[in-house]
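Structural overview for review
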Protein chains: 2
Amino acid sequence: MTKQMTAAVIGLGSMGWGAAVSLLRVGIATRGVDIRADVLEKFTAEGGTSFTSVSDACAGADVVFIFVVNGAQAEDVLFGAGGAVAAAQDGTVFVTCVTMEPSRAVDLAARVEAAGMLAIDGPVSGGSVKALTGEMTIMASGRAEAFDKAGPCLDAIATKVYRLGDEAGKGSQVKMINQLLAGVHIAAAAEALTLGAKIGLDLGVLHEVIQECAGNSWMFGNRGAHIVEGDYTPHSAVDIFVKDLGIVTGEAGNHPVPLSQTALGLFKEASAAGMGREDDAAVAKLLAAKGGIKLPGMS
Amino acid sequence: MTKQMTAAVIGLGSMGWGAAVSLLRVGIATRGVDIRADVLEKFTAEGGTSFTSVSDACAGADVVFIFVVNGAQAEDVLFGAGGAVAAAQDGTVFVTCVTMEPSRAVDLAARVEAAGMLAIDGPVSGGSVKALTGEMTIMASGRAEAFDKAGPCLDAIATKVYRLGDEAGKGSQVKMINQLLAGVHIAAAAEALTLGAKIGLDLGVLHEVIQECAGNSWMFGNRGAHIVEGDYTPHSAVDIFVKDLGIVTGEAGNHPVPLSQTALGLFKEASAAGMGREDDAAVAKLLAAKGGIKLPGMS
């Protein structure tokens, strides 16, 4: 690199924050955008440059990461009033790290490129703990030029950068399939542990034994621990899976996805019962209540 | 031990065979019972003693392992005409390594003990490859006396022997919960990969990437490979999960198990479509056919 690289991170939630501090850690000048003053103050203390305006942060940036909640917000950040694309210099790489409909990812990338920019469809996985240490996984697709330019930034935030092809959409497609599995596995963990409680098993022992058996999943290990401990502090919320499994069933169209539909029904029901912002493992409380039993953490 | 121990293994299918040769490997005199002459011949060649009669094999045995397909068969082996319990000496330990209704496991153990014998409710996990090398997992419950006596045999066939309490039924309960998860995860892997194929993803890449992400499960790794390769050679068959998820929904009673019910519906449908004896991953072919697409291995 002949000049110091500048990155911008739009949205300093748990994943965006982790990405932004990981960029700073490797010496990349990093601008952070959020609406929360306390978060921006903390980001300045970390050595970043804080902005409330998307367009101010994007002017002169080389690579812009978008860490917002859904596709509609990403579209607004990119193309809305005071949006990122209009403010950026030609050739800026926009990396959309958002779980959204693959069809929308294709559309946004096409519009970004039509404006003279580069696009990477790059949803992430790994959770907030790995985000903080620069160890996310990125499921990414886009043109080689975009990867060449954004490479040092991608390597700063992720240990695994999967290159899934030149076309936008592939990254979001793989992420969608990951979320299908993740959502079904969370609901399955909830169903398994709730039935275990119903028949009188010690949940801690059950959780330990199953992790050594063929019934294990990453989510059973991770979210199962929340259920065993009765701790529903949101790491990822019920409403995230209402959204993500909604994307799955929507994009599937006529193709059969019966388990996704069943799991989506549970997340929707949990959300309607007031648990939308609790940890996604709270579907266990819904099933327990329906079955007339109490799990740890239920009053 | 003051005298050489004698074990009997009833049912030399893939798991029973593995247990029997693992017992021989550590020097325990082992009797094998099966109805297939070729299997018995092979067992004799391994150094075992072969029987076609359950009662002959059980007379004088110290520990009897029962590796049959379901609870009804186990009941027949124990208490039917020419059955094991009537032929055995007092204090023989009967280890039922069968996935069955926990309520039935409790009943059988009570009747075994009423006849002056000892009982271990000991379903296994791990698959035929680990069975062969003496590396199964046993989810076991029963009285300390039974474990003391059967200990050397259990250690010969398993690297993990979980002691889940003194009461019969606990082993079968934990195994039932494991099968709930395993069955739902197989169906979820099928749904995920089939949708991936539908939207045009490379299944090999998808399978590889997801295994590094939060959507992974033991079954996604293992059975997902069968789907990617289009290889439905039965390691465990569709009909096993018709049985095991049927046990889950039956024992759950009024308690909600919506994902188990959805997955059971798929396994039943695959069985009705003629795939009952194929690998359980064949639910993917069912979903693909319903969605109008072809997976590897589909003509």
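What counts and how
- Residues numbered from 1 in each chain as written.
- Chains lettered and ligands numbered in written order.
- Predicted model: local features only at pLDDT ≥ 70, side-chain atom pairs only at ≥ 80, totals over all residues.
- Heavy atoms only, no water.
- UniProt positions renumbered as here; feature names shortened; annotations may be inferred.
- Phe/Tyr/Trp six-rings, centres within 6.5 Å; stacked < 30°, edge-to-face > 60°.
- Helix = DSSP H or I, 4+ residues; strand = E, 2+ residues; numbered from the N terminus.
- Buried < 20%, exposed > 50% of the residue type's maximum accessible area, 1.4 Å probe, protein only.
- Lys NZ or Arg CZ within 6 Å of the ring centre and 35° of its normal.
- Domains from an automatic or database assignment.
- Salt bridge = Lys/Arg side-chain N within 4 Å of Asp/Glu carboxyl O.
- Polar contact = N/O pair within 3.5 Å; in protein donor to acceptor, adjacent residues only side chain to side chain.
- Contact = heavy atoms within 4.5 Å.

In the nomenclature of an unreviewed UniProt entry, chain A corresponds to L-threonate dehydrogenase from the organism Litoreibacter meonggei. Chain A has a UniProt comment under Sequence similarities (unreviewed entry) that states "Belongs to the HIBADH-related family. L-threonate dehydrogenase subfamily." Comment text from UniProt for chain A, heading Function (unreviewed entry), reads "Catalyzes oxidation of L-threonate to 2-oxo-tetronate. Can use either NAD(+) or NADP(+) as cosubstrate, with a preference for NAD(+)."

Using the criterion set out here, one finds 6 aromatic pairs over all chains in the structure. Seen in terms of ring centroids, A:Trp17 and A:Phe43 are 5.8 Å apart; in terms of plane orientation they differ by 70 degrees. Their pairing is edge-to-face. Of the two residues, A:Trp17 sits in helix α1 (residues 14-25) while A:Phe43 sits in helix α2 (residues 37-45), which places them 26 residues apart along the sequence. A single burial state applies to A:Trp17 and to A:Phe43, both of which are buried. Centre to centre, the rings of B:Phe241 and B:Phe267 are 5.4 Å apart; their planes meet at 25 degrees, and the pair counts as stacked. In this pair, B:Phe241 sits in helix α12 (residues 238-252) while B:Phe267 sits in helix α13 (residues 258-275), placing the two residues 26 residues apart along the sequence. As far as burial versus exposure is concerned, B:Phe241 and B:Phe267 are alike and both buried. The positively charged end of A:Arg111 is found above the aromatic ring belonging to A:Phe79, 4.3 Å away from the centroid. Positioned over the ring face of B:Phe147 is B:Arg163, at 3.9 Å from the centre of the ring.

Okay, the UniProt feature "domain: 3-hydroxyisobutyrate dehydrogenase-like NAD-binding" (unreviewed entry) in chain A next. Cross-referencing UniProt, the feature "domain: 3-hydroxyisobutyrate dehydrogenase-like NAD-binding" (unreviewed entry) maps to residues 169-287 of chain A in the present numbering. As annotated, residues 169-287 of chain A has a helix share of 73% and a strand share of 0%, and its two end C-alpha atoms lie 35 Å apart.

All names here are of chain A. Considered domain by domain, chain A is made up of domain 1 (6-168) and domain 2 (173-291). If you average the C-alpha positions of domain 1 and of domain 2, the two centres end up 29 Å apart. The interface formed by domain 1 and domain 2 contains 0 salt bridges. Across the domain 1-domain 2 interface, the total number found is 5 residue pairs in polar contact (both at pLDDT 80 or more). Listed by contribution, the elements that provide at least two residues to the side of domain 1 that touches domain 2 are α6 (102-114) and β7 (124-125).

Right, let's get into helix α14 (residues 283-291) of chain A. Since one α-helical turn is 3.6 residues long, residues separated by three or four positions face the same way. Counting buried residues in α14(A) gives 7 out of 9 residues, a clear majority hidden from the surface. Considering only its buried residues, α14(A) is in contact with α9 (170-198), α11 (218-229) and α13 (258-275) of chain A together with α13 of chain B. A:Gly292 sits one or two positions beyond α14(A) and adopts a positive phi of about 75 degrees.

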